[in-house]
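Analysis of the macromolecular model
As a plain string of letters, each chain reads:
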Amino acid sequence: MYLRAVVRLFAGNRSGVLVLTPFIVGIYAVLNIFFPHHEPESVGRFGFWGEILSENSVISQILGPVIVLVNALLINIIFNRNAFFERNNFLPSLLFVVLMSFFHGFYFLNGVSTASLLVVVSLYQLYGLDQNTDGRKHVFNAAFFLGIATTFYPLLLVGIPFLFWLIWVLRPFVTRESVLALVGYVIPLIYAGIYSNFFHLRLDGSEFSSGSFEEIYPDLWIITGGVLLLSLVSAGPLSKRLKQSSIRLKKLFRLNVLTAMMILSLSALEFFIFQKTDTTSLLIIPAVFLFPYAFGERELRVFPAGIFYLLLLFSVSKFFIEIS
């Protein structure tokens, strides 16, 4: 009953409910400290910046959850500011925190978790683009932050063509803006290259994937099943919403799909080349823009709520019950 009340609170339009988000993030972080389920790795990988912080450090275990919190709040701001629903809704932040709790990057800082924050900030800039206004500032900033993200997670180099595709979804092709995007993306890479050379960092192929080697298969199967079910349940309401939406909102959904395609490409590369699955955590970012539709805009639907409660139950019980 109390859980149902919490979901109803986040599904409502009272912004004050966001004060609960830090407490939820904090509960997961504390549980993993006292009942370790996700173990720190001896080395924290940060792409072109090298091994700048051990995951065993207190700083890593603080900054990991802090980044999840900031991402959750930024995503919710993007969701409400761009009117994905007719009224404000704060489910994206709750869904993001609970779904991210299945991944290593929630609890420890590494290259992928650092890049996730920069990807969200880049998307924040892209969602600010408009067909009829000067987009140079937003285009440069989006490319710049994605460039910084790439220095921490170099596999994001795959995202270069997607960057221009994302811009052109919301803007007509403008040569000056495309040049600015390229410049903004390259500047952080140049600085990272100078840093690596100055400190004589030896960068080999393994540095291109700065994610964790952690593979907790029960977690992966459960989160995959939950995400697939929520995607299926979201399809009907989302289709209905698209038929009634403005041209701009349709473009925003297209931008979201392209972001998911980019991350799927990264996930496939990381799995087949480096045998890692950490990048799949980035899929939660575009997913939580869609999942609130599964729960309904006015009345809370029982089936998706049930899926969420099961995911929430497992995300907490995994700290106490080992499933092999």
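Preceding this section is the structure that the text describes.
Okay, so let's go over this structure. (Residues numbered from 1 in each chain as written. Predicted model: local features only at pLDDT ≥ 70, side-chain atom pairs only at ≥ 80, totals over all residues. Heavy atoms only, no water.)

**Regarding the overall build of the protein**
Heads up, the condition is: Per the convention used, a helix needs a DSSP run of H or I reaching at least four residues, while a strand needs a run of E reaching at least two, with both numbered from the N terminus. The globule rule used here is 2.2 Å times the number of residues to the 0.38 power, and the radius of gyration it is set against is calculated over C-alpha atoms.
Along the backbone of the protein there are 13 helices and zero strands. Walking the protein from its N terminus toward its C terminus, one meets helices and strands in the order α-α-α-α-α-α-α-α-α-α-α-α-α. For 324 residues, the compact-globule formula gives about 20 Å, and the C-alpha radius of gyration of the protein, at 19 Å, lands near that figure. On the principal axes, the C-alpha backbone points of the protein span a range of 60 × 50 × 35 Å.

**Considering the nonpolar core**
Put simply, the rule is: Buried residues of nine kinds, namely Ala, Val, Leu, Ile, Met, Phe, Trp, Tyr and Cys, make up a nonpolar core once their side-chain atoms join them within 4.5 Å. Between buried and exposed lies partly exposed: a residue is buried under 20% and exposed over 50% of the maximum accessible area for its type, with that area taken using a 1.4 Å probe on protein chains only. By the convention used here, residues are in contact when the closest approach between their heavy atoms is within 4.5 Å.
If you look at the biggest cluster of nonpolar residues, it comprises 99 residues, and the most contacted ones within it are Y28, F84, F96 and F308. The greatest single-element share of this core, amounting to nine residues, is contributed by helix α10 (residues 247-274). What Y28 contacts, discounting residues up to four positions off in sequence, is V97, V98, S101, F106, Y107, L312, S315, V316 and F319.

**Overview of the packing of helix α2 (residues 20-34) against helix α3 (residues 58-81)**
Selection rule: Lines are fitted to the C-alpha atoms to define the axes, a helix being fitted only along its stretch in contact, and any angle between axes, read from their N-to-C directions, falls within 0 to 180 degrees. By the definition adopted for this analysis, an angle is roughly parallel if under 35 degrees, roughly antiparallel if over 145, roughly perpendicular if from 65 to 115, and oblique otherwise. Definitions for this section: a left-handed crossing has its near helix turned counterclockwise from the far helix by less than a right angle. A right-handed crossing has that turn clockwise. The classification used treats Ala, Val, Leu, Ile, Met, Phe, Trp, Tyr, Cys and Pro as nonpolar, Asp, Glu, Lys and Arg as charged, and all other residues, Gly among them, as polar.
Two elements in contact, α2 and α3, have axes separated by 10 Å at closest approach and are oriented at 150°. Here α2 is positioned roughly antiparallel relative to α3, judged by the angle of their axes. The handedness of the crossing between α2 and α3 is right-handed. Where α2 approaches α3, its residues T21, P22, V25, A29 and I33 are matched on the opposing element by Q61, P65, L69 and A72. In terms of residue class, the contact of α2 with α3 is made up of seven nonpolar, two polar and no charged.

**Brief notes about the side chain of H38**
In plain terms, the rule: Here a polar contact means two N or O atoms within 3.5 Å. Within protein one must be a hydrogen donor candidate and the other an acceptor candidate, and residues neighboring in sequence count only if both atoms are side-chain atoms.
Tracing the backbone through its elements, the reader meets H38 in the loop between α2 and α3. One polar contact links H38 to E214, side chain to side chain, over a distance of 2.9 Å. Residues contacting H38, with those up to four places away along its chain left out, are N32, S101, F102, F103, H104, Y107, F108, E214, I216, D219 and K318.

**Things to note about a nonpolar patch on the surface**
We count it as follows: Patch membership requires more than 30% relative accessible area and the absence of a salt bridge. Residues of like charge join within 9 Å; the nonpolar side chains Val, Leu, Ile, Met, Phe, Trp and Tyr join within 5 Å. What sets the accessible areas is the Shrake-Rupley method with a 1.4 Å probe; for residues, cover comes only from the shown protein chains. Salt bridges are identified by distance alone: a Lys or Arg side-chain nitrogen within 4 Å of an Asp or Glu carboxyl oxygen.
On the surface, V30, I33, F34, F35, V316, F320 and I321 cluster together into a nonpolar patch covering about 680 Å² of accessible area. Considering each element in turn, the nonpolar patch owes the most residues, three residues, to α2. As for its placement among the helices and strands, I33 is situated in helix α2.

**A closer look at empty space enclosed by the protein**
Here is the rule we go by: Cavities and pockets were defined on a 1 Å grid built from protein atoms only: a cavity is a group of points that admits a 1.4 Å probe but offers it no way out, a pocket is an open group of points flanked by protein on both sides within 12 Å along at least five of seven lines, and a lining residue is one with an atom within 4 Å of any such point. Grid points are joined across faces, edges and corners, and a volume is the space filled by probe spheres set on the points.
Counting across every chain of the model gives four cavities of 30 Å³ or more. Approximately 100 Å³ is the volume found for the largest cavity. Taken together, F102, F103, H104, S212, E214, E215, I216, D219, L220, T277 and D278 make up the full set of residues lining the largest cavity. Taken together, the residues of the lining of the largest cavity break down into four nonpolar, three polar and four charged. Empty space within the second largest cavity amounts to approximately 80 Å³. For the lining of the second largest cavity, the secondary structure elements donating two or more residues are α3, α4 (91-100) and α5 (111-126). Residue composition of the lining of the second largest cavity, by class: seven nonpolar, five polar and no charged.

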